Structures are given as structure tokens and as C-alpha cells.
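Fold and contact review
Listed below, chain by chain, are the residues.
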Amino acid sequence: MTDTALPWWKAATAYQIYPRSFADSNGDGIGDIPGITARLDHLADLGVGFIWLSPVYRSPMADNGYDISDYRDIAPEFGTLADFDQMLAEAKARGIGVVMDLVVNHTSDEHAWFQSSRSDPEGPHGDWYVWRDAGPDGGVPNDLQSFFGGPAWTWDEGRGQYYLHLFDRKQPDLNWDTAEMRAAVYEMMAWWFDRGVAGFRMDVIDLIGKDVDRGITADGPTLHERLQEMHQAVLKGSDVVTVGEAWSATPQNALLYCGRDRGELSMVFQFEHVVAGWDPAHGKWTRKAIDLPTLKRVFGKWQEVCAEDGWNSLFWGNHDLPRAVSRYGDDSPKHRVASAKALATVLHLMKGTPYIYQGEEIGMTNARFTRIDQYRDVETLNFHRIQTGAGVTEADFIAGANANGRDNARTPMQWDDSANAGFTSGEPWIEVNANYTEINAAADRADPEGVFARYRALAKLRKESDLVVLGRYEAVSEDHPQVWAYTRRLDDARLAVIANLSSESVDYIAPENLAITGTGLFGPRTRIAAGETLSLAPWETVVIQG
Ligand code: ISL
Ligand code: CA
């Protein structure tokens, strides 16, 4: 890169690790930190600049670590602080930063703060959580619902009050109106920075400004005030990266989080492309096809939002979402590899920081479970109970869970074709996808035309090319139902990206603004003339730099 003022994370490709499912070093069936350390070369080879590590803190694991009982310790099943420090050092030696998951909308109910809060209302942690008296009828204070189903309030017998939990009842919400609580969070963050972490991914951060009594949860009145305070306390002046998970982020409010003069975050994860693929009436538990023009318009709009200021994060999947190739591509044996590569290409050549979710780089697919007892996810199990109780058939529920349930992304990483995909020598905590003998890192990496090779090339390009990092995104033929085409422009340099995102051959007539002559990046073609018909094979990509 030529621009030395550019923050390091703008030219980096990120990689999310869900530790429980990545690599098990000791045969207990649960992925762990030494397992990650042993696999760092895979990531270095891929060209990753930083890892977002899903939570590894001490936790009773009601929500696989998103329920933290001690922010300054590691869950024993994941290892020790010494293991963590070693992983950090070995990642650093490979030029890879480690970004922790900051889960501070809530803690575990087993956290010492909550234990103290529930037993001693007048004590030092009495108002660190959101407590309310029962409603006039003796029931819940209001009708706020948990994201995991059912009321967001649980009665605490000892304290004689309800506490708020926007997620599971084992995840009580912290009270962000308490200054001492906020200071404790900032101190904890500083403690991890002192250990050498490269930044934080902030779990459901758009919920911390909530106004419970008015029923406002996301994007609440004090949200940005809190983020600015956090920035002043621990982020200011350092070169760490921060990415906030913000389901409520819109083009209208995005720059409030990541505008250059705001003093808040580096970027947010917004979910407009994810939600656009959900059924408006039934949410994510029913299946709905993806409409490409809508998808392109959503991404295009966000490219526009952050064209001059702010910064986008780019992702297809994470540990809460279905596998990219199953959701947006075609995971049939015939088209899986080509579609995974096409999806990687259109995403990674946009402006922003791309995030690869573990297994995506080898084209891993959804789980395809057939029975509810194969699922482990608290959200899926809660909604199974609620929905089948309300009359949804077992088969319909499983079909929905197989489309969008969180366990799709949580089956173990498929390393090779040995027993349990090389993930564990023991019994895995969740079933390995039966397709591991075909789909695994060893096989894919051995193929120069494989998915991994494409991801590696894209990460390398981003590291080396100002155009890929900074070029302006310009949409081309936005209404085309099968082809995603766009250009990037930086001064005189241009990049043309064309992908057939369908399983049929397409004759695509290149409009004038796509005409280019230059170097073909992933194929032999070096020129596109205005009005020329490109015969694109299913999921074929054409990328030309001119
Ligand atoms: O996937 C989801 C959208 O329906 C939700 O289940 C999910 O809870 C939401 O995306 C918020 O996610 C984050 O916070 C949760 C945790 O369970 C998720 O894993 C995490 O990414 C609570 O900490
Ligand atoms: Ca283990």
C-alpha cells in the first residue's frame, strides 16, 4: 500500500473463529485455544490480517460463551490464559491480530456481579442490572420479548423483582445507566489491550442505549453517548480495530457509529442483506429464495453510504447465519465450488473489510439435520418448543432450521477426510457434516482451482492494491436477475467485476460503462467491449484490472 495514513485494518481480510467448532487439541470433542494455535498456518497461508475470536471467556455455556461469568479468565474447556497468550504471540509472529468478542449487553447469571446484584440490592452491584418491580397485576413489568423467544423478564425470588434478559434467562442485561458498571467494562477492555489484543467485535452493541420503560431496545437514546464515552476511555489514539454488531444500523444512522469525526467505532456489521432474505411475516424460520436485484441494491446502497466517510464490513455469514454457499450459492456437487468462488469474488472486491467465517474458505455447507435432537443451539431449541407448541409441524420447523438456524454454521471445521473430519479424536459436541469426506481443507487446498485458492488470491489482492481498498464502487446493470456486475475506480485505475450468480449459462450484454482493457485476474479474458455479449458459464466470474 502506498497510503501510509491508512489504518491497517482497511487493507486486511478478517477471519472469524468459532472456537468450539474449530479444532480440538485434547479429544474432549470441544474445539479449544491450543487447537487454534496449531492451525494458525492455515490462516497465515490464507492471508488473514486479523481473527475475530468468538467468546473464549469463562462461561457456563448456555449460549456457547455469549454468557460470560468472568471477563478476565478463559473457559476451562477452551484452555488457560497461558494458552491464550501463546496463541496471541504465535498469531502476532504471523502478522495476524486477534480481535476479542466484547459481550457487554449482558453477562451470565453466574457472573459475580449478578450474584451480588440479586442478593444485595443496596450493595455495590445492586443497580448493575435492569431490575423492575412486578406489574400491577403481579406479572411482568412490560411486554418486552426475548430474542430467543418468550418474555424478556424473569422473576427473581430472592430479590423479589424481575430482571431483564433480551436473550436467554441465563443472560441478564447489564444496566448501562450505572457509571460504575461502565467503568468496570472499560477497565476490562484495557486489561485485554494490555495483553496485546488487536481490537473488539462488539456483540449486539446497538442495544446498550436502551430505554426499557419506553420499550426501546435497539438504537436507544443513550447509545452514541455510551460509545463515545467508551472511545474516550479505552480506544482513543490507539490503532485497534472495532466492529459493532448492529442489526438496527441503517444507511441513515450508520455514519453515527463510524463517521471519521464521531470518535466511536471503526465499522459496524449491518444486516440488511441478511434480513432481505427473510420472510417478512415469518422471519427466519421459513425458507425464502434470494432475489439478486434486491441483494445487489442493498450492498450497492451501503457502498454509497460509506463511499466518502465511514467504512463497511463485508460478510456473507457468521456463527448465527447459514453457510454462504448454501444460502446465496448452489451447494449441489455440480456447482458448489464455482458458486463459493463467485460469492467470494463479488464480496471481497467491494470496498470494506471482508470477514470470512471459518469453513467458508473451503466452501462448507449447511448441516441438513433431520431430527431436533441433533441441534444444540439454545435459540433453535427454544423456538422449536414455541413453534411446534403453536402448531407448526416438526417437518416444517426442521426445514426452517436447516435453512436459517444457527447450528448450520456451528458444525465442526472439516480439516481432512479422517474420522470426524480431523476436528477431534473424540466425540464431537455437535455432529460433523456427513459430507466431510468430499469437502475438507486438505482436499480443497490441494486444488489450485479450489475455493481456498480464490480466497487466498483475493486477500493478497487487497493487501497489494489501493484500487481494491479505496476504489469507488459503481453499480452496473443493477436490475439484471442473474449477473452481478460492478466497477471500482481510483484515479485512472479501474476494476471490472462480473459474476454470473446463477446455475444456468447466461449471455450477458456488457453495457458501455463496463468496457475495459487490461489484465485478467482469475481467467484469460483481458478485454470487454461495450455492447459485447459475454457467454458466462454457471457461477463464472470475470475480473479485469485496467
Ligand atoms: O441470529 C440471530 C438473528 O435472528 C439472533 O439469534 C442473534 O442472537 C443475534 O444475531 C445477536 O447475536 C449475538 O448476540 C447473541 C448471541 O447469541 C449471538 O451468537 C451473537 O452473535 C447474544 O449474545
Ligand atoms: Ca478440547
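Residues numbered from 1 in each chain as written. Chains lettered and ligands numbered in written order. Predicted model: local features only at pLDDT ≥ 70, side-chain atom pairs only at ≥ 80, totals over all residues. Heavy atoms only, no water.

**Some remarks on helix H15 (residues 451-464)**
Helix length check: H15, at 14 residues, gives a terminal C-alpha distance of 20 Å against a target of 20 Å (1.5 Å per residue), a fit within 8%. Among the residues making up H15, those that are buried are Val451, Phe452, Ala453, Arg454, Tyr455, Leu458, Ala459, Leu461 and Arg462. (Helix = DSSP H or I, 4+ residues; strand = E, 2+ residues; numbered from the N terminus. Expected span 1.5 Å × (residues − 1). Buried < 20%, exposed > 50% of the residue type's maximum accessible area, 1.4 Å probe, protein only.)

**What about the packing of helix H3 (residues 81-93) against helix H5 (residues 179-195)?**
Viewed as axis vectors pointing N to C, H3 and H5 meet at an angle of 55°, and their least axial separation amounts to 11 Å. Classed by the angle they form, the pair H3 and H5 counts as oblique. Contacts between H3 and H5 involve Leu81, Phe84, Asp85 and Leu88 from the former and Trp191, Trp192 and Arg195 from the latter. Grouping the constituent residues of the contact of H3 with H5 by class yields five nonpolar, no polar and two charged. (Axes fitted to C-alpha atoms, helices over the stretch in contact; angles between N-to-C directions. Parallel < 35°, antiparallel > 145°, perpendicular 65-115°, else oblique. Contact = heavy atoms within 4.5 Å. Nonpolar A, V, L, I, M, F, W, Y, C, P; charged D, E, K, R; others polar.)

**Looking at the coordination of the calcium ion (ligand 2)**
Protein coordination of the calcium ion (ligand 2) is provided by Asp24 (OD), Asn26 (OD1), Asp28 (OD), Ile30 (O) and Asp32 (OD), with donor distances spanning 2.2 to 2.4 Å. Donor residues for the calcium ion (ligand 2) sit on one chain with the sequence pattern D-x1-N-x1-D-x1-I-x1-D. You can call Asp24 buried: its relative accessible area is 10%. Asn26 sits in the exposed class, given a relative accessible area of 51%. (Donors = N, O, S within 2.8 Å, 3.2 Å for Na, K, Ca; no water.)

**Things to note about the side chain of Asp67**
Mapped onto the fold, Asp67 is located in the loop between strand E3 (57-58) and strand E4 (70-74). In this structure Asp67 is buried but unpaired, with Lys170 as the nearest side chain of opposite charge at 6.1 Å. A distance of 3.2 Å separates the side chain of Asp67 from the backbone nitrogen of Met61, its partner in a polar contact. Separated by 2.6 Å, the side chain of Asp67 and the backbone nitrogen of Ala62 make a polar contact. Contacts of Asp67, omitting those with residues within four sequence positions, involve Arg58, Ser59, Pro60, Met61, Ala62, Ser108, Lys170 and Gln171. (Lys, Arg positive; Asp, Glu negative; His and termini not counted. Salt bridge = Lys/Arg side-chain N within 4 Å of Asp/Glu carboxyl O. Polar contact = N/O pair within 3.5 Å; in protein donor to acceptor, adjacent residues only side chain to side chain.)

**Considerations on the pattern of salt bridges**
As enumerated under the stated definition, the model contains 38 salt bridges in all. Asp63 is paired through a salt bridge with Arg406; the nearest N and O atoms lie 3.0 Å apart. Highlighted residues: Asp63 in the loop between E3 and E4 and Arg406 in the loop between helix H13 (394-404) and helix H14 (441-445), separated in sequence by 343 residues. With its nearest N and O atoms 2.9 Å apart, the salt bridge here joins Arg201 to Asp101. Taken as a pair, Arg201 in strand E9 (residues 199-202) and Asp101 in strand E5 (residues 97-102) lie far apart in primary sequence, 100 residues in all. Linked through salt bridges whose partners overlap, the residues forming this network are Asp63, Lys284, Asp320, Asp377, Glu379, Arg406 and Arg410.

**What about the packing of helix H11 (residues 336-348) against H15?**
Following both chains from N to C, one finds H11 and H15 inclined at 10°, their axes separated by 9 Å at the closest point. The pairing of H11 with H15 is recorded here as roughly parallel in orientation. Between H11, through Val337, Ala340, Lys341, Ala344, Thr345 and His348, and H15, the contact on the second element is made entirely by Val451, Arg454, Tyr455, Leu458 and Arg462. Residue composition of the contact of H11 with H15, by class: six nonpolar, two polar and three charged.

**Considerations on unusual backbone geometry**
Backbone geometry places Asn64, a non-glycine residue, at a positive phi of 45°. For Asp219, which is not glycine, the phi dihedral falls at a positive 55°. Residue placement: Asp219 occurs in the loop between E9 and helix H6 (223-235).

**A word on the sheet that holds strand E2 (residues 50-53)**
Strand order in the open sheet formed by eight strands is E11-E10-E9-E5-E2-E1-E13-E12, with parallel pairing between adjacent strands. The sheet is open, and its two borders are formed by strand E11 (267-269) and strand E12 (313-314), each paired with just one other strand. The pairing of strand E10 (residues 241-245) with E11 spans three bridges and is parallel. Paired with Val243 across the bridge in E11 is Met267. (Pairing = 2+ DSSP bridges.)

**Considerations on the environment of Asp219**
Classification of Asp219 by relative accessible area gives partly exposed; the value is 33%. In contact with Asp219, not counting residues within four places along its chain, are Asp206, His224, Ser248 and Asn253. Among the polar contacts made by the side chain of Asp219, one reaches the side chain of Asn253 at a distance of 3.4 Å.

**Section: the domain arrangement of the chain**
Split by domain assignment, the chain resolves into domain 1 (8-107 + 179-456), domain 2 (108-173) and domain 3 (471-545). With centres defined by C-alpha atoms, the gap from domain 2 to domain 3 works out at 54 Å. (Domains from an automatic or database assignment.)

**A short note on the site of ligand 1**
Around ligand 1 sit 17 residues, and of these Asp63, Asp203, His319, Asp320 and Glu379 come closest. Within the side chain of Glu379, one N or O atom sits 2.4 Å away from an oxygen atom of ligand 1. (Near = heavy atom within 4 Å.)

**Some words on the nonpolar core**
Core analysis: the biggest nonpolar cluster contains 144 residues, and Leu53, Phe84, Met189, Met230, Trp316 and Trp484 have the highest contact counts within it. The element contributing the most residues to this core is H5, with eight residues. In contact with Met230, not counting residues within four places along its chain, are Leu102, Trp176, Tyr186, Met189, Met202 and Leu235. Core analysis: the second largest hydrophobic core is formed by 15 residues, Ile498, Ile516, Leu536 and Val542 among them. (Core = buried A, V, L, I, M, F, W, Y, C linked by side-chain atoms within 4.5 Å.)

**A short note on the packing of aromatic side chains**
Counted according to the given criterion, the structure contains 32 aromatic pairs. Ring centres 6.3 Å apart and planes at 70° place the aromatic pair Tyr15 and Phe22 in the edge-to-face group. Tyr15 gets classed as buried once you look at its relative accessible area, which sits at 0%. Here a set of aromatic residues connected by ring pairs shows up, and it is made of Trp8, Phe50, Trp52, Trp247, Phe269, Phe271, Trp278, Phe315 and Tyr355. The lysine or arginine in question, Arg445, covers the ring of Phe452, its NZ or CZ lying 4.5 Å from the ring centre. Geometry around Phe522 places Arg454 over its ring, the cationic atom sitting 4.1 Å from the centre. (Phe/Tyr/Trp six-rings, centres within 6.5 Å; stacked < 30°, edge-to-face > 60°. Lys NZ or Arg CZ within 6 Å of the ring centre and 35° of its normal.)

**Section: the sheet that holds strand E8 (residues 161-164)**
If you trace the three strands from one edge of the open sheet to the other, you get E6-E8-E7, paired in antiparallel fashion. Taken across any chain shown, the strands that pair with only one partner, and hence form the sheet edges, are strand E6 (131-132) and strand E7 (153-156). Bridge count for E6 against E8 is two bridges, and the pairing is antiparallel. Paired with Trp131 across the strands is Tyr163, a residue of E8.

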